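The chain contents come next:
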Amino acid sequence: MAVIGIVREPAGEARVSATPATIASLRKLGHEVVVERGAGSAASYPDEAYEAAGAAVVDRAQAWGSEIVLAITAPGADEIALLRDGATIVALLSPALRPDLVESLAQRGITALALDAVPRISRAQSMDVLSSMANIAGYRAVVEAAHEFGRFFTGQVTAAGKVPPAKVLVAGAGVAGLAAIGAASSLGAIVRATDPRPEVADQVKSIGGEYLAVDVAVEKSTDGYAKATSEDYDRRAAKIYTEQAADVDIIITTALIPGRAAPRLITASDVAQMKPGSVIVDMAAGQGGNVEGSVAGERVVTDNGVIILGYTDLASRLAAQASQLYGTNLANLIALLTPAKDGALTIDFDDVVQRSVTVVRDGEVTWPPPPVQVAAAPAPAAAASAPVEIPPKKTMPAGRKALLVVLGIAALFAVNAFAPAPLPQHFTVLVLSVVIGFYVIGKVHHALHTPLMSVTNAISGVIVVGAMLQITDPNPVVQVLAAIAVLLASINIFGGFAVTRRMLAMFTKGAGK
């Protein structure tokens, strides 16, 4: 049975790597759990709640000295010194940006797992901490912007005048960007978004945003993360940002490229032309920033009155919710590493998820992992097949068609001339209805046949009523014809209802899903 230690995060980080709810999940896997005293207090999880969940509350040294240490912030030199030899630490390590940290952990013979290296594949979604935290951060970015903006997001018409809706530009429609678009749209703002991936356009529209396309071909991502864009794309996108900066009230930037500094999207000249009181939230400030002039962790006000927020703790500002999601992701990873549920942690390098997150294994640096292909390559275009010659549709010769028309007209006139009243009038109505019905129903699209069935059922009902009235006629010929009419019209009615019921059942099943 391994002992898992939940440590208290440094000052400025309100989240905790496990909550009382996730403690229960860890214990079901056969692990013993200890929690550093006060670890969850900033996230509204008191020590008593952890004790009630079955964890032991211990001091700092004992928590860091556990066999498995779960954290959020990467450990510093002091924390690495507290780790026992051969321990396993799981945290947000940023191995691509911090090779010195990787080397320090390797020198201690530590096994280090980086939660920010979880591959973007379907099987690993339940462990994808970056997506969970980005979702919260995107939502919180809109809340912070609304607080600074000081005006309505939604448009209103009041007795005191008309209030126009706020205009929001979201740069990047990844997880954080989509969360920001959804939050701003739900508040009533006019939301626009840019992203180098044209496939996200439908997602942006589905949550109330307007997608601003940059008509430049871009390389499709194969690992689920954003790629650096081309110079041609950057030039055209820069024009869009410049145009939008002069029009919108709020800009939220989310563009990040793993292992690289954040790309610069909004220049100082763009900021200079924004209206006083406008707000920019640079969610990439911690990695260099998407906005010129943003400072990581600080609120900056420009000379023209534009507020630039470079907060790097957006997820931490919703500490309780963020801790629960982070803890759930972490518990799912530990479940993957404890397949026997016996408290024994095993790492299988044949599993792409475990291989990707393992930065150091027993003191051996294993970063970077082999590339993971998560997006299928586009299927090659099918070779153009030879055109198929469609035989011409056989049509009736014009002379024969004209002869039939003449015979029909002659028959109509003969009936009108010699048949007793009121048969000529009824026959004329029958002929006209046949002609009109043929051309009307024949031109109806097949998708409308089901609603058309309701009309035919009504007409058949009238036929049944009329035929039933004629059954009592003393003429046996009329009785036979009336009986046949009742039979045929009834078949049409019952068949129509049966088909309609079947169609409705199909729609009901589809709605239930």
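Residues numbered from 1 in each chain as written. Predicted model: local features only at pLDDT ≥ 70, side-chain atom pairs only at ≥ 80, totals over all residues. Heavy atoms only, no water.

**Some thoughts on the sheet that holds strand β17 (residues 364–365)**
The eight strands lie next to each other as β3-β2-β1-β4-β5-β6-β16-β17, forming an open sheet whose pairing is mixed. On the outer flanks of this sheet lie β3 (56–58) and β17, each paired with one strand and no other. (Pairing = 2+ DSSP bridges. Helix = DSSP H or I, 4+ residues; strand = E, 2+ residues; numbered from the N terminus.)

**Let's talk about the packing of helix α6 (residues 129–149) against helix α7 (residues 175–186)**
Following both chains from N to C, one finds α6 and α7 inclined at 35°, their axes separated by 7 Å at the closest point. Between α6 and α7 lies a crossing whose hand is right-handed. Taken together, the residues of α7 that come into contact with α6 (itself represented by Ser131, Ala134, Asn135, Gly138, Tyr139 and Val142) are Val175, Ala176, Ala179, Ala180, Ala183 and Ala184. Taken together, the residues of the contact of α6 with α7 sort by class into nine nonpolar, three polar and no charged. (Axes fitted to C-alpha atoms, helices over the stretch in contact; angles between N-to-C directions. Left-handed = near helix turned anticlockwise from the far one by under 90°. Contact = heavy atoms within 4.5 Å. Nonpolar A, V, L, I, M, F, W, Y, C, P; charged D, E, K, R; others polar.)

**Some details on the confidence of the model for the protein chain**
Scored by pLDDT, the protein chain comes out at a mean of 87, with 87% of its residues at no less than 70. Scored below 50 in pLDDT, residues 509–513 shows zero contacts in the model against residues more than four places distant or in partner chains. (pLDDT = per-residue confidence, 0-100.)

**Focus on the nonpolar core**
Of all hydrophobic cores here, the largest spans 44 residues; its most connected members are Ile6, Ile23, Val35, Leu70, Leu115 and Tyr326. Only β1 (3–6), α1 (20–28), β2 (32–36), β4 (68–73), β5 (88–92), α6, α11 (319–337) and α12 (352–357) provide two or more residues apiece to this core. Counting residues per element, this core draws most heavily on α11, at eight residues. Excluding its chain neighbours within four sequence positions, the residues that come into contact with Ile6 are Val16, Ser17, Ala18, Ile23, Val33, Val34, Val35, Glu36, Ala39, Ala63 and Leu70. Residues Ala145, Val200, Tyr211 and Val279 belong to the second largest nonpolar core, which totals 33 residues. (Core = buried A, V, L, I, M, F, W, Y, C linked by side-chain atoms within 4.5 Å. Buried < 20%, exposed > 50% of the residue type's maximum accessible area, 1.4 Å probe, protein only.)

**Observations regarding the environment of Glu148**
Within the element layout of this structure, Glu148 appears in helix α6. Judged by its relative accessible area of 18%, Glu148 falls in the buried class. Polar side-chain contacts of Glu148 include one of 3.0 Å to the side chain of Arg299. (Polar contact = N/O pair within 3.5 Å; in protein donor to acceptor, adjacent residues only side chain to side chain.)

**Here's the deal with the sheet that holds strand β15 (residues 307–309)**
Ordered in space as β11-β10-β9-β12-β13-β15-β14, the seven strands form an open sheet in which the pairing is mixed. The sheet terminates laterally at β11 (209–211) and β14 (299–301), the two strands that pair on one side only. Each neighbouring strand pair of the sheet contributes to a mean axis angle of 20°, computed without reference to strand direction. Bridge count between strand β9 (residues 167–171) and strand β12 (residues 250–253): four bridges; the pairing is parallel. Across the sheet, residue Val170 finds its bridge partner in β12, namely Ile252. Strands β12, β13 (279–282), β14 and β15 of the sheet are contacted by α6, whose axis makes an angle of about 155° with β13.

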